[in-house]
Number of protein chains: 2
Amino acid sequence: MPLNSIDETFLDRLTAHLPEDTIRPAEARFAEEPRGRWKGAARHVALPRSAEEVAIIVRHAAEAQVPLVPYGGGTGLVGGQIAPEGGTEPLLISLERMNRIRSLHPRENVAIVEAGAILQDVQDAARAADRLFPLSLASEGSARIGGLLATNAGGVNVLRYGNARDLCLGLEAVLPSGEIWHGLRRLRKDNTGYDLRNLLVGAEGTLGIITAASLKLSPIPAGTGTALLAVASPAAALDLLALARSRLGDGVSAFELMSRAGYDFLSEVIPELRQPFETPPDWSVLIEVGLPEGLDPAEALEAVFAEAFEEGLVRDGLIAQSQAQADDFWQIRERIPEANRKIGAVSSHDISVPISAIPDFIPEGIARLARIDSFRVNCFGHLGDGNLHYNVFPMPGRSRADHDHQRSEIKRVIHDLVHEMEGSISAEHGIGRLKVDDLERYQDPAKMAAMRAIKAALDPLGIMNPGAILRERR
Amino acid sequence: MPLNSIDETFLDRLTAHLPEDTIRPAEARFAEEPRGRWKGAARHVALPRSAEEVAIIVRHAAEAQVPLVPYGGGTGLVGGQIAPEGGTEPLLISLERMNRIRSLHPRENVAIVEAGAILQDVQDAARAADRLFPLSLASEGSARIGGLLATNAGGVNVLRYGNARDLCLGLEAVLPSGEIWHGLRRLRKDNTGYDLRNLLVGAEGTLGIITAASLKLSPIPAGTGTALLAVASPAAALDLLALARSRLGDGVSAFELMSRAGYDFLSEVIPELRQPFETPPDWSVLIEVGLPEGLDPAEALEAVFAEAFEEGLVRDGLIAQSQAQADDFWQIRERIPEANRKIGAVSSHDISVPISAIPDFIPEGIARLARIDSFRVNCFGHLGDGNLHYNVFPMPGRSRADHDHQRSEIKRVIHDLVHEMEGSISAEHGIGRLKVDDLERYQDPAKMAAMRAIKAALDPLGIMNPGAILRERR
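As the structure is a computational prediction, the values presented were derived from the model and not from experiment.

Cut-offs used in this document
- Residues numbered from 1 in each chain as written.
- Chains lettered and ligands numbered in written order.
- Predicted model: local features only at pLDDT ≥ 70, side-chain atom pairs only at ≥ 80, totals over all residues.
- Heavy atoms only, no water.
- Helix = DSSP H or I, 4+ residues; strand = E, 2+ residues; numbered from the N terminus.
- Rg over C-alpha atoms; globule rule 2.2 N^0.38 Å.
- Buried < 20%, exposed > 50% of the residue type's maximum accessible area, 1.4 Å probe, protein only.
- Contact = heavy atoms within 4.5 Å.
- Pairing = 2+ DSSP bridges.
- Axes fitted to C-alpha atoms, helices over the stretch in contact; angles between N-to-C directions.
- Phe/Tyr/Trp six-rings, centres within 6.5 Å; stacked < 30°, edge-to-face > 60°.
- Salt bridge = Lys/Arg side-chain N within 4 Å of Asp/Glu carboxyl O.
- Domains from an automatic or database assignment.
- Buried area = accessible area lost by both parts, 1.4 Å probe.
- Polar contact = N/O pair within 3.5 Å; in protein donor to acceptor, adjacent residues only side chain to side chain.
- Nonpolar A, V, L, I, M, F, W, Y, C, P; charged D, E, K, R; others polar.
- Least-squares fit on C-alpha atoms with pLDDT ≥ 70 in both.
- Patch = residues over 30% accessible without salt bridge, like charges linked within 9 Å, V, L, I, M, F, W, Y side chains within 5 Å.
- Areas by Shrake-Rupley, 256 points an atom, 1.4 Å probe, with all protein chains shown as cover.
- Lys, Arg positive; Asp, Glu negative; His and termini not counted.
- Charge placed at Lys NZ, Arg CZ, Asp CG, Glu CD.
- UniProt positions renumbered as here; feature names shortened; annotations may be inferred.
- Core = buried A, V, L, I, M, F, W, Y, C linked by side-chain atoms within 4.5 Å.
- 1 Å grid on protein atoms, 1.4 Å probe; cavity = no way out; pocket = protein on both sides within 12 Å on 5 of 7 lines; lining within 4 Å.
- Points joined across faces, edges and corners; volume = space filled by probe spheres on them.

Here we look at the overall build of chain A
Helix and strand counts for chain A stand at 15 helices and 18 strands. Scaling as 2.2 N^0.38, a compact globule of 474 residues should have a C-alpha radius of gyration of about 23 Å, and chain A matches this with 23 Å. Across its three principal directions, the C-alpha atoms of chain A cover 70 × 55 × 45 Å. Looking at the 474 residues of chain A, the share that counts as buried comes to 65%. In chain A, 74% of the contacts between residues at least 6 apart in sequence involve partners at least 24 apart.

Structure below.
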């Protein structure tokens, strides 16, 4: 099905059916993405104010067979929000004007928010109602709910609270037919037919445009505690996790692994950041716990630390004595991506493996990379979820450009290893346009066929974010 | 697309491609279902031993356009496992021979089990590995994993651990094309394309046959406690839930509401069951908590009780001092469905509403029913999930048959009220064949259209459990 680039006729017709200033020339920000891999080709953006306006846009796009690319906070790392130059020129749809928190239901632990709401604003609104919206990640100050759901975002609290999909109870969305699905349910149990919600969550805008969501809130734990512990090895970190969970159960909300490279990169490019350890440990973990009344989080962490020290799992450690100290620990973890960007990765991999495979995966990856060339690997991430950001950097004195010719080999080597270990080549960032080839290579063929059938069934014209996840049909 | 009934040619061809004794005449048990609403028409059942054998069956059925009806433990309450008499004669596929626990990964909190495994066996295997598989419901001694996932079963621990879908990390399934999807991942994070897992979970066998699943286990809480508390009203019960969760957080794993009718029915038809209260309270809740080390569950419940008593939410209560006593409390809750069956319901409703709507829903339902006739309502269930079993019984001295002519009006009145209150007409039992009309009446039209498109895309011949969830295309 050939798609058509935007033209004047289309723009005129659309403008005639929408309030003034809904369609605009796209500013430069819409053509950029965080890792600078693509330059967007869209020259026009729609800024609708309601699901009804989104539906008008979708119906006109379907009629004219013009592609639509939905745009959230623009923080995606795999190019799902970017229509690259050289293809058909699409219309961007930014949901930024639909940023209201429509209602809060503290007794039900539910918030109804529009797709354009910024994550931090949702967190703040929940907190003001004495509730927790636990989705938390580095870009929370600009990422928007619609994009977070479309990519099934992860972050640091997945261990306890799940991914974005686990925090979503219902959706309002415009389907490729132009119909609005009114599915903003506030129910914990609803077995009335196929799970369209989970199909749209993670579909990266290729099956419809999310316009609002019903989100699950949680009680705020009575007390939280944070510790930064130097562990003997990744295997010891896993034993520590098992120990902590056997003592504190679901109370463990974050369990983040960091390697020495992370600390070294921080001192190299963000020297003003205060480092907690005198000598950075080879491996360390940041633990956060949230506990019910009657338990002192610092004491509970102290007890876990003592037992883990006894067992030789932990070599050194710091337990935050104040919120300020906890924030300092988190700064270390959260500024690693920034340090990585400043150093400049040759290749970044957002992967997951079964968590018991992690101690084998980390050194095996390093060994296989060493057959290509000398690199520094900064491996860090959400150990409790088996999700590592396994990023490959040039040795000091060399540059990214020196390794340009090796990039695809590096990626292949790491992804092949992930695949051998029954892992995922995209743990939390999605497929976007970056990993379309990888998906074809590694995904189960029966699932690929089912995905293509679903796409063709729900979006027969192929207008919804063409080229994301699935190769564009021509 | 017209389907064909099983004939000798089909059976001969299938038998030739499968090991001996895979296809058999269906015993009487396959024609029955728990509520006695339907009599099954299938005269043959396939008992495959592997996903490969299931795939052979599906491919032959597709070729001959013979319908297939997957069969788990036969405990479904909406007729999803029954092909009623009068239609095309299908082949049943029972997964009961595929009942192995393929592997257990305690460090990862994962179990890989076949679809025919009985829930209780999975719970026991997890416990033997010092882990919890939290799915728990009355029929756990005979319900099988495949059916539990196909219907997205709920039960008593959803408040803390989620529905069946939340406990599933991956699937192996035979799609209607006859291809096997090898999706038994042990990953907490995997964003590689559309969520086919959640599409099959809850599809009641209409989009494929689940042959094995990767299931999420949890640490066993250090200590558990159980209390049975008489509350002032359903509204007070909700306040008690909020209070308990603010004190104990996620520690509250079950919160079950019971009405006086439940106790009365039990003394009427199961008089040998020891009742905990001298005078049955109008409303009571069964609370179970699972807490980490350092907290005494009985003490924690005592503190919640004292505070709730102070606030006038709770009038009387019992905190289990032993496992035997906790089991006694659970007996009350778990034998209510049996008592209901002995009394004989005029109409049963598995509904959910936003939990803050429950205090209005219960009396409004009773008031609307009273306009039809005099009834007894036994309303009980998973209050923490907003899921009530709202069952309507004849007054003493009258029989179900006296109300036969009112049944559809009763159902309509209750479901209309649920719909007005933005609830679900099937909270945890599914649609099956019982609620196909209700689904068409109450479901959002855009979602219905999307469901039909998905069904047509994945099962273009319509051979997979035709007539369940969606009306059979002819």
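Regarding the sheet that holds strand S13 (residues 252–259) of chain A
Residues and elements named next belong to chain A. One open sheet accounts for seven strands, arranged S15-S12-S14-S13-S17-S18-S16; its pairing is antiparallel. The sheet is open, and its two edges are formed by strand S15 (314–319) and strand S16 (350–352), each paired on a single side. Across this sheet, the average inter-strand angle for adjacent strands is 20°, counted without regard to direction. Where S13 lies against strand S17 (residues 375–382), two bridges are found, and the strand directions are antiparallel. Residue pairing in the sheet places Glu-256 in a bridge with His-382 of S17. Where helix H9 (residues 297–310) meets the sheet, it contacts strand S12 (223–231), strand S14 (283–291) and S15, and its direction lies at approximately 170° from that of S15.

Digging into the pairing of strand S9 (residues 180–183) of chain A
Residues and elements named next belong to chain A. In this structure, strand S8 (residues 168–174) lies alongside S9, joined through four bridges in antiparallel fashion. The residue bridging Glu-172 from the neighbouring strand is His-182, located in S9. Count of turn residues in the S8/S9 antiparallel hairpin: five residues, of which Gly-178 carries a positive phi of about 90°.

Things to note about the packing of aromatic side chains
Residue and element names in this part refer to chain A. A full pass over the atoms with the stated rule returns ten aromatic pairs over all chains. On the numbers, 6.2 Å between centres and 75° between planes, the contact of Tyr-263 with Phe-277 is edge-to-face. Of this pair, Tyr-263 sits in helix H8 (residues 260–269) while Phe-277 sits in the loop between H8 and S14, and the two are 14 residues apart along the sequence. Relative to Phe-393, the ring of Phe-265 lies with its centre 4.7 Å away and its plane at 85°, an arrangement referred to as edge-to-face. Taken together, the residues Phe-265 in helix H8 and Phe-393 in strand S18 (residues 387–394) connect sequence positions 128 residues apart.

Thoughts on the sheet that holds S8 of chain A
The strands making up a sheet are joined through hydrogen bonds of the backbone, oriented either antiparallel or parallel. Residue and element names in this part refer to chain A. An order of S5-S6-S10-S8-S9 is seen for the five strands of this open sheet, with the pairing classed as antiparallel. In the strand order of this sheet, the two ends are held by strand S5 (101–105) and S9, each with one partner. The average angle at which neighbouring strand axes cross in this sheet is 15°, direction not considered. Bridging between S8 and strand S10 (residues 209–216) involves six bridges; their strand directions are antiparallel. Paired with Ala-173 across the two strands is Ile-210, which belongs to S10. The strands touched by helix H2 (residues 51–64) within the sheet are S8, S9 and S10, with S8 carrying the most contacts at an inclination of about 50°.

Comments concerning the pattern of salt bridges
Inspection of the entire model under this criterion finds 72 salt bridges over all chains. Measuring nitrogen to oxygen at the nearest pair gives 3.0 Å for the salt bridge that ties Arg-165 of chain B to Asp-195 of chain A. Remark: Asp-195 of chain A occurs in the loop between S9 and helix H6 (196–200) and Arg-165 of chain B occurs in the loop between helix H5 (158–161) and strand S8 (168–174); the pair is interchain, linking two chains. Summarising the burial analysis for this pair, Arg-165 of chain B and Asp-195 of chain A share the class buried. Residue Arg-107 of chain B is joined to Asp-239 of chain A by a salt bridge in which the shortest nitrogen-to-oxygen separation is 2.6 Å.

Regarding the domain arrangement of chain A
Residue and element names in this part refer to chain A. Assigned domains of chain A: these are domain 1 (101–219), domain 2 (223–337) and domain 3 (344–428). Between domain 2 and domain 3, the residue contacts involve 18 residues of the former and 15 residues of the latter. Among the residues of domain 2 in contact with domain 3, Leu-238, Leu-257 and Phe-265 are the three that bury the most area, contributing 39% of the side total. Connecting domain 2 to domain 3 are one salt bridge. A salt bridge links Glu-268 to Arg-376; the nearest nitrogen and oxygen atoms lie 3.4 Å apart. Where domain 2 meets domain 3, there are eight residue pairs in polar contact (both at pLDDT 80 or more). At the level of secondary structure, the elements contributing two or more residues to the side of domain 2 that touches domain 3 comprise helix H7 (234–248), S13, H8 and helix H11 (336–343). For the side of domain 2 that touches domain 3, the class distribution of residues is 13 nonpolar, two polar and three charged.

Remarks on unusual backbone geometry
Of note, the phi angle at Asp-21 of chain A is positive, near 70°, even though the residue is not glycine. Since its relative accessible area comes to 38%, Asp-21 of chain A is described here as partly exposed. The phi dihedral of Glu-204 of chain B is positive, around 55°, even though this residue is not glycine. Within the secondary structure layout, Glu-204 of chain B lies in the loop between helix H6 (196–200) and strand S10 (209–216). A residue is classified by how much of its surface remains accessible, and Glu-204 of chain B, at 7% relative accessible area, is buried.

Brief notes about the relation of the copies chain B and chain A
Taken as rigid bodies, chain B and chain A are interconverted by a rotation of 180° and an axial shift of 0.0 Å, the fit giving an RMSD of 0.0 Å. Look at the turn and shift together and you get a two-fold axis relating the two. The fraction of interface residues of chain B whose copies in chain A are also interface residues reaches 100%, indicating that both copies meet through the same surface.

Description of a positive patch on the surface
Taken together, the side chains of Arg-35, Arg-37, Arg-341 and Arg-400 of chain B make up a positively charged region of the molecular surface. Tracing the backbone shows Arg-37 of chain B in the loop between strand S1 (23–25) and strand S2 (44–46).

Remarks on the UniProt feature "domain: FAD-binding PCMH-type" (unreviewed entry) in chain A
In the numbering used here, UniProt assigns the "domain: FAD-binding PCMH-type" (unreviewed entry) feature to residues 38–220 of chain A. As a span, residues 38–220 of chain A carries 21% helix and 24% strand, and end to end its C-alpha atoms are 40 Å apart.

Some points on the nonpolar core
Within the largest apolar cluster, 146 residues are counted, with the highest numbers of intra-cluster contacts made by Phe-133, Ile-145 and Leu-149 of chain A together with Phe-133, Ile-145 and Leu-149 of chain B. Ignoring anything within four residues of it in the chain, the contact list for Ile-145 of chain A reads Val-113, Glu-114, Ala-115, Ala-117, Leu-119, Val-122, Phe-133, Ala-213 and Leu-215 of chain A.

So, empty space enclosed by the protein
Counting across every chain of the model gives ten cavities of 30 Å³ or more. As for the largest cavity, its lining consists of 27 residues, of which Asp-250 and Gly-251 of chain A together with Arg-160, Gly-251 and Pro-292 of chain B are closest to the centre. For the lining of the largest cavity, the elements supplying multiple residues, two or more each, are helix H5 (158–161) and S14 of chain A together with H5, strand S11 (218–219) and strand S14 (283–291) of chain B. For the lining of the largest cavity, the residue count by class is 16 nonpolar, seven polar and four charged. One number sums up the size of the second largest cavity: a volume of about 70 Å³.

Brief notes about the interface of chain B and chain A
A common way to express how large an interface is: the accessible area buried when the components associate. Each side of the interface is counted separately: chain B has 82 residues, and chain A has 82 residues. It is Lys-189, Asn-191 and Tyr-194 of chain B in chain B that bury the most area against chain A; as a group they hold 16% of the surface buried on that side. Linking chain B with chain A are 14 salt bridges. Across the pair Arg-247 of chain B and Glu-293 of chain A runs a salt bridge whose closest N-O atoms are separated by 3.6 Å. At the boundary of chain B with chain A, the tally comes to 49 residue pairs in polar contact (both at pLDDT 80 or more). The element contributing the most residues to the side of chain B that touches chain A is helix H15 (residues 445–458) of chain B, with eleven residues. Considered class by class, the residues forming the side of chain B that touches chain A number 34 nonpolar, 25 polar and 23 charged.

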